[in-house]
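What the coordinates show
Below, each chain spelled out in residue letters.
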Amino acid sequence: MPSIFTRILRNELPASFVHRDEVVAAFLDIQPLTPGHTLVVPVREIASLSDLPPEILARVTALGQEIGLAIRAVDPSVTGINWLLCDGPDAGQEVPHIHLHVIPRRKGDGLRFGGKGSKTERADLDDWASRIETCLKDRMAK
Ligand code: AMP
């Protein structure tokens, strides 16, 4: 049974993409912990960090860095970024397809880890995705 992220990558489920290529992709979290919360995933469905080839991990983290920069550029209220990677159910991993959370932080946003994000309208996710995507394309073209 393919993971929910593989189904997204096969275009069987909707997502608000900010980037996709043959190795890595990134799209908005459907239940963002903060506005702009983005997930970076390897295209190959690999559940555990332990099994992720280092060259793919390098692509995931490089894209995560670029996305953090793009988020800061499109929203100046973002003054920090949390990266979160949950490896295994006991570490809170719910989707068995490894992914890096890129979570924008704003002064006084009150975010505490451990809770759930808020269900967000697709139009809001698409709006964030298109702003981040445009900035990301500009940055990656340089
Ligand atoms: P984790 O607990 O690290 O496995 O995180 C899984 C994340 O995937 C959660 O933040 C969910 O909100 C997110 N998620 C689940 N289904 C979807 C989906 N269809 N599109 C985007 N994000 C999703």
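Relevant structure appears above.
Since we're looking at a predicted model, the values are computed, not measured. (Residues numbered from 1 in each chain as written. Predicted model: local features only at pLDDT ≥ 70, side-chain atom pairs only at ≥ 80, totals over all residues. Heavy atoms only, no water.)

**Re the sheet that holds strand β5 (residues 100-106)**
Strand order in the open sheet made by the five strands is β1-β2-β3-β5-β4, with antiparallel pairing throughout. Either end of the sheet is taken by a strand with one partner, and the two such strands are β1 (17-20) and β4 (78-84). Taking the axes of each pair of neighbouring strands and ignoring which way they run, one obtains an average angle of 15° across the sheet. Two strands pair when backbone bridges link them, and strand β2 (residues 24-28) and strand β3 (residues 38-42) are joined in this way by five bridges, in the antiparallel orientation. The partner of Leu-28 across the bridge, within β3, is Thr-38. Sitting on the sheet, helix α2 (residues 54-74) touches β1, β2, β3, β4 and β5, and the angle it makes with β4 is about 160°. (Pairing = 2+ DSSP bridges. Helix = DSSP H or I, 4+ residues; strand = E, 2+ residues; numbered from the N terminus. Axes fitted to C-alpha atoms, helices over the stretch in contact; angles between N-to-C directions. Contact = heavy atoms within 4.5 Å.)

**Some details on the side chain of His-99**
Here His-99 lies in the loop between β4 and β5. Look at His-99 and you get buried, because its relative accessible area is 7%. From its side chain, His-99 meets the backbone oxygen of His-97 in a polar contact 2.7 Å long. Those residues in contact with His-99, other than ones at most four positions away along the chain, are Phe-5, Leu-39, Val-40, Val-41, Leu-84, Leu-85 and Gln-93. (Buried < 20%, exposed > 50% of the residue type's maximum accessible area, 1.4 Å probe, protein only. Polar contact = N/O pair within 3.5 Å; in protein donor to acceptor, adjacent residues only side chain to side chain.)

**Some words on unusual backbone geometry**
Positive phi, close to 65°, is recorded for Asn-11, a residue that is not glycine. With respect to the secondary-structure elements, Asn-11 resides in the loop between α1 (4-9) and β1. Taking the relative accessible area as the measure of exposure, Asn-11 reaches 57% and is therefore exposed.

Purely spatial values, then, with no claim about function.
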